[in-house]
Amino acid sequence: MTEQLDIQWGISTLGCHELDLRSICELAARHGVHHLEIRSLADCLNLADYLDTTYPDDPDAVNQILGTHNQSIIALNSGFTLIDANEQARNELLGFARWAERLKVPFIRVFGGSSMNAPLSRSEVISAVASLTWWHAVREENGWTTRIALETHHGFSSGARCLELQEAFGNPLDVIWDTHHTWKLGAESARQTWAQISHMVRHLHIKDSIPVPSARHEYSYVLPGKGDFPATDVFTVLAENSFKGVVSLEWERKWHPYMTDLDEALTELSRSGWMAGSPLQPVIEQP
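Description of the structure in this document.

Cut-off values and rules
- Residues numbered from 1 in each chain as written.
- Predicted model: local features only at pLDDT ≥ 70, side-chain atom pairs only at ≥ 80, totals over all residues.
- Heavy atoms only, no water.
- Salt bridge = Lys/Arg side-chain N within 4 Å of Asp/Glu carboxyl O.
- Helix = DSSP H or I, 4+ residues; strand = E, 2+ residues; numbered from the N terminus.
- Buried < 20%, exposed > 50% of the residue type's maximum accessible area, 1.4 Å probe, protein only.
- 1 Å grid on protein atoms, 1.4 Å probe; cavity = no way out; pocket = protein on both sides within 12 Å on 5 of 7 lines; lining within 4 Å.
- Points joined across faces, edges and corners; volume = space filled by probe spheres on them.
- Nonpolar A, V, L, I, M, F, W, Y, C, P; charged D, E, K, R; others polar.
- Contact = heavy atoms within 4.5 Å.

Examining the pattern of salt bridges
In the structure shown here, the tally under the stated rule is 14 salt bridges. For Glu240, the salt bridge goes to Arg191, with nearest N and O atoms at 2.7 Å. Of the two residues, Glu240 sits in helix H9 (residues 231-240) while Arg191 sits in helix H8 (residues 190-197), which places them 49 residues apart along the sequence. According to the relative accessible area criterion, Glu240 is partly exposed, its value standing at 37%. Classification of Arg191 as partly exposed rests on a relative accessible area of 48%.

Re the layout of surface pockets
Quantified by volume, the largest pocket comes out at close to 480 Å³. His153, His181, Leu185, His217 and Tyr219 are the residues nearest the centre of the largest pocket, which is lined by 24 residues in total. Of all the elements in the fold, those that place two or more residues in the lining of the largest pocket are strand S5 (107-111) and helix H7 (179-184). Tallied by class, the residues present in the lining of the largest pocket amount to seven nonpolar, nine polar and eight charged.

Comments concerning the environment of Phe243
Counting through the fold element by element, Phe243 comes out in the loop between H9 and strand S11 (246-249). By relative accessible area, which is 10% here, Phe243 ends up buried. Along the backbone, Phe243 and Leu5 are 238 residues apart, and their C-alpha atoms lie at a distance of 7.7 Å. Beyond its immediate stretch of four places on either side in the chain, Phe243 contacts Leu5, Trp194, Val201, Arg202, His203, Leu204 and Leu238.

Put into C-alpha cells, the structure is as follows:
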C-alpha cells in the first residue's frame with residue numbers, strides 16, 4: 001500500500017505586503033491556496049492598528065471576505081521577540097491577541113531574539129522564559145484560546161535551541177518550523193529537526209535559496225525549486241510521519257525587494273513539484 005503526502009498549502013502576506021485582505025484572498029484562491037499567515041495588510045505591519053481602523057469592532061466583515069474566498073487565517077504574524085520584550089512590545093502583542101480572539105485565529109507568531117552566532121546566555125533564556133510566563137498569565141486571565149507560536153528564527157533557528165527553551169520554561173511550546181532556517185542557520189537536517197521538535201510543530205514555512213550574498217543575508221532567496229534547499233528531505237520526513245498540517249510559502253518580498261511578486265512565485269511553486277509533495281513525489285510503502 002502506498003501513501004502519498006497530501007499538503008495543505010498556505011502563504012505569508014510578506015510576499016504581497018501591499019495588498020488588502022480581499023486582494024490577498026483572491027490571489028491565494030487563484031493558486032489553490034486556502035491558508036493565510038497575515039504579516040502585512042495594505043503595507044501595514046501593525047495589524048492591530050490596521051484592523052482597528054479598517055474594520056472597527058467588526059470581525060464579521062473580515063470573516064465575510066475570508067469566507068467568500070474559502071480562506072482561513074492560521075496565524076497573525078507579529079514581530080514580538082521573547083528576549084528583552086519591553087512594555088510597548090507587550091502592549092502591541094496584546095493588540096494582536098484581541099484580534100486573534102475575535103477572528104478565532106489559533107496562533108500569533110513570535111520570535112525568540114538573539115543570534116545563532118553564539119550559545120544562548122543564561123540571561124537571554126531567563127528573559128525569554130519571563131515573556132512566556134507573562135503571556136501565559138495574561139492568556140489565562142482573559143480566557144483566550146489563541147496561543148503564541150515561536151518561529152525557528154534568530155537565535156532559535158534549530159530544534160536544539162527550541163528544546164533548550166522548552167526545558168527552561170517547563171511547559172510545552174508551540175513552534176512554527178521554518179525549514180529553511182533550521183537547515184541554513186541551524187545546520188540541522190530536516191530529520192534531525194523533526195526528531196527534536198515534532199511534538200511542538202504546528203505548521204511549517206518553506207522557501208529556497210542559493211549561497212550568493214544579498215543585502216541582508218549571506219544567501220539570496222530564489223523561486224521554489226531553483227536553489228539548494230533540500231525540499232525532498234522535508235517532504236519525505238512529513239510523508240513518513242503522515243503530517244496533516246499546513247506548509248506555508250514564506251515569500252519575503254517585503255524585506256527583500258529583489259524578489260519577484262508572489263503571483264509568479266506561486267506559479268513556480270506548482271511547476272517545481274513542491275505543491276504535489278516534492279519534486280520527486282516521495283511516497284512510503286506500507287507493509
